[in-house]
Amino acid sequence: MAAFVDRVIVHVAAGNGGHGVASVHREKYKPLGGPDGGNGGNGGDVVLEVDPNVHTLLDFHHRPHQKAGNGRPGAGSHRHGANGEERVLRVPEGTVVSVGGEVVADLVGAGTRVVLAQGGKGGLGNAALANPRRKAPGFALLGEPGEAFDAVLELKSVADVGLVGFPSAGKSSLIAAMSAARPKIADYPFTTLVPNLGVVRAGDTVFTMADVPGLIPGAATGKGLGLQFLRHVERCAVLVHVVDMATLEPGRDPETDIDALTQELAEYGGDELDLVGRLRVAVLNKIDVPDGRELVDLVRPALEARGLRVFPVSAATGEGLDALGYALAAAVEEYRAALPAPEPARVTITPRAVDDSGFTVERDPDDETTFVVRGAKPERWVRQTDFTNDEAVGYLADRLNRLGVEERLTKLGAREGDTVVVGDVAFDFDPELPAGTPLAEETAGLGGRGTDSRIDAPHRVRAAERLAAKKARRVPYEVTDTWTDEELPGEEPPADDPTGEDDA
């Protein structure tokens, strides 16, 4: 038998973005083909989707780790990497998602989708980074990591009518008699261990009814099963107190049962949920037992004085169920009519403030020589930088300079050698130029910091220039030393003629 799970902790991880690639087009007779590195693919998202065929969170109980696909890296010849496959988590209607104790999504309605974890963006290749000032970048951007965190999924049943009461009051029998639901029914307490949901039709009105496992005094503080399943009555429009008219337990009667139940609902819901205000109907079940009808006549005036509508019924024989069904349908219709009319979804566009630079710079309170830079742009740029490539680091420095980070640091009193922390990386502050000031190379039409001067030359070397340079390297041989006649190489003179002259 499949278990019912209504609360799980899921470890979600979106896919990482693929890295861009630094590549240069190489083809015969095309010595300067230019950069052709492709971009990396985006990482897949983790998406929650409401599926009407799913009724429990059991799948995530057995498989709590859910990860989307990573983006593929780029390649040469302008080939971009494929995007990672998204991970769709199918959840039942009424699932509430919390991250870090804060509710981030309340999924109601079949087909509702929400992105729980965003995949990382793919890095740009050197082809996308090329511009007139940086014609052939020798670097590419790295892909961003996807979001990863723990999320709490809680199932709160979406039902119009909720049946509450003490164990063995006949809630499961009542829902089985009024709908097609077939919950487990037995003659011992806590037979119902999971909420059961049934669909009831009364005239032209169709509503859903749920029975909650039996409540006992102290349920709101964790006693019994109440604290575990009281969340399933939070969405109910009408709460029905099912009273057992055949109980033989000492100290129990319909009025004390209602008092105990009201106290538990008040402690659990408080003034915010107002569960006590939804408790409008009292169902006196099991009137078919001996002395059951006589007990109804005794307790009816006291219950009606509390403002409750009393309905004597018998789930075993079906007596009084039609009147109860029409009364509940009228209460549900009244609740639905009081709901505000649904408004069409509107897209809200919030422009950025005029004085919003997109980042903040603060001095570390624990260290006067450390400055912390926060902002979506600078932190994303740092994550995309390959710090093993000097050209990529220089490109990062240019971007931060144009954004105005160096200027802001200077205004705050940062000096050369101070520590600047951006994201998870610490730098040594080395101011070079005021923000927005073009470098000498940029003014001349070349790249800025971190560029390759061999590629960004002011002109292309022609064949005639290469030939002239080759001829210039060919220096003719010149005799720099001279010899006398005696030092010229030749045969040595005989021993009896030291002068070396013949006697002709």
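In every chain, residue numbers begin from 1 and rise along the written sequence. Residue-level local features of this predicted model are given only where pLDDT is at least 70; pairs of side-chain atoms are given and counted only at 80 or more, and the full residue set underlies all totals for whole chains, interfaces and linings. Each side-chain value is derived from all of the structure's non-hydrogen atoms; neither hydrogens nor water enter the calculation.

**Here's the deal with the packing of helix α8 (residues 376-383) against helix α9 (residues 390-403)**
Structural elements are reduced to axes, namely lines fitted to C-alpha atoms, with helices fitted over the stretch in contact, and the angle between N-to-C directions of any two is expressed from 0 to 180 degrees. Labels follow the DSSP assignment, with helices taken as runs of H or I lasting at least four residues and strands as runs of E lasting at least two, numbered in each case from the N terminus. At their nearest, the axes of α8 and α9 sit 10 Å apart, and the two run at 175° to each other. Viewed along their axes, α8 and α9 adopt a mutual orientation that is roughly antiparallel. Residues K377, P378, W381 and V382 of α8 touch α9, and the partners they reach there are L396, R399, L400 and L403. For the contact of α8 with α9, the per-class residue count stands at 6 nonpolar, no polar and 2 charged. For this classification, under 35 degrees means roughly parallel, over 145 means roughly antiparallel, 65 to 115 means roughly perpendicular, and everything else is oblique. Note on contacts: a residue pair is in contact if any heavy atoms of the two residues lie within 4.5 Å. The classification used treats Ala, Val, Leu, Ile, Met, Phe, Trp, Tyr, Cys and Pro as nonpolar, Asp, Glu, Lys and Arg as charged, and all other residues, Gly among them, as polar.

**Some details on unusual backbone geometry**
Although it is not a glycine, Y29 sits at a positive phi angle of roughly 70°. Relative to the helices and strands, Y29 is located in the loop between β1 (7-13) and β2 (46-50). The exposure class assigned to Y29 is exposed, which follows from its relative accessible area of 72%. A positive phi angle, close to 60°, is found at H78, a residue other than glycine. Along the polypeptide, H78 turns up in the loop between β3 (65-67) and β4 (87-91). Each residue gets one of three labels from its accessible area relative to the maximum for its type: buried under 20%, exposed over 50%, partly exposed in between, using a 1.4 Å probe on protein chains only.

**As for the side chain of H241**
Structurally, H241 can be placed in strand β12 (residues 238-244). We classify H241 as buried; its relative accessible area is 1%. When neighbours within four sequence positions are excluded, H241 is seen to be in contact with V164, G165, D257, I258, L261, L279, V281, A282 and V283.

**A few points about the pattern of salt bridges**
In what follows, salt bridge is the name for a side-chain nitrogen of Lys or Arg lying within 4 Å of a carboxyl oxygen of Asp or Glu. The tally for this structure, following the rule as stated, stands at 13 salt bridges. Among the ionic contacts, a cluster of salt bridges with common partners joins E49, E86, R90 and R113.

**A closer look at the confidence of the model for the chain**
For the chain, per-residue confidence averages 78 on the pLDDT scale, and 76% of positions sit at 70 or higher. What pLDDT reports is the predictor's confidence in each residue, on a scale of 0 through 100. Of all helices and strands in the chain, the one with the weakest mean pLDDT is helix α11 (residues 440-443) (48), whereas β3 scores best (95). Predicted confidence is poor over residues 440-458, with pLDDT under 50, and the contacts of this stretch with residues over four places away or in other chains come to 39 contacts.

**Looking at the packing of helix α3 (residues 171-178) against helix α7 (residues 321-338)**
The contact between α3 and α7 brings their axes to 11 Å, and the two run at 85°. Considering their axes alone, α3 and α7 lie roughly perpendicular with respect to each other. Facing L174, A177 and M178 of α3, the residues of α7 in contact are L321, L324 and G325.

**Description of the pairing of β1**
In this scheme, strands are said to pair when DSSP sees at least two bridges between them. Note: β1 against strand β8 (residues 148-155), 7 bridges, orientation antiparallel. Considered in β8, the bridge of H11 is made with D150. Relative to β3, β1 runs parallel, the two sharing 3 bridges. Looking across to β3, one finds that A13 is bridged to K67.

**Re the packing of aromatic side chains**
Think of a pair of aromatic rings as described by two things: how far the centres are apart, and how the planes are tilted against each other in angle. Here a Phe, Tyr or Trp ring, Trp counted by its six-membered ring, pairs with any other such ring whose centre lies within 6.5 Å, and the pair is stacked when the planes are under 30 degrees apart, edge-to-face when over 60, and tilted otherwise. Considering all chains together, one arrives at 2 aromatic pairs under this definition. On the numbers, 5.1 Å between centres and 45° between planes, the contact of F139 with Y395 is tilted. Of this pair, F139 sits in the loop between α2 (126-129) and β8 while Y395 sits in helix α9; the two residues are 256 residues apart in sequence, bridging distant segments of the chain. Of the two residues examined, F139 and Y395, each falls in the buried class. Ring plane angle 45° and centroid distance 5.9 Å describe the contact between F387 and F427, whose orientation is recorded as tilted. Placement of the pair is F387 in the loop between α8 and α9 and F427 in strand β18 (residues 425-428), with a sequence separation of 40 residues. The exposure class assigned to F387 is partly exposed, which follows from its relative accessible area of 36%.

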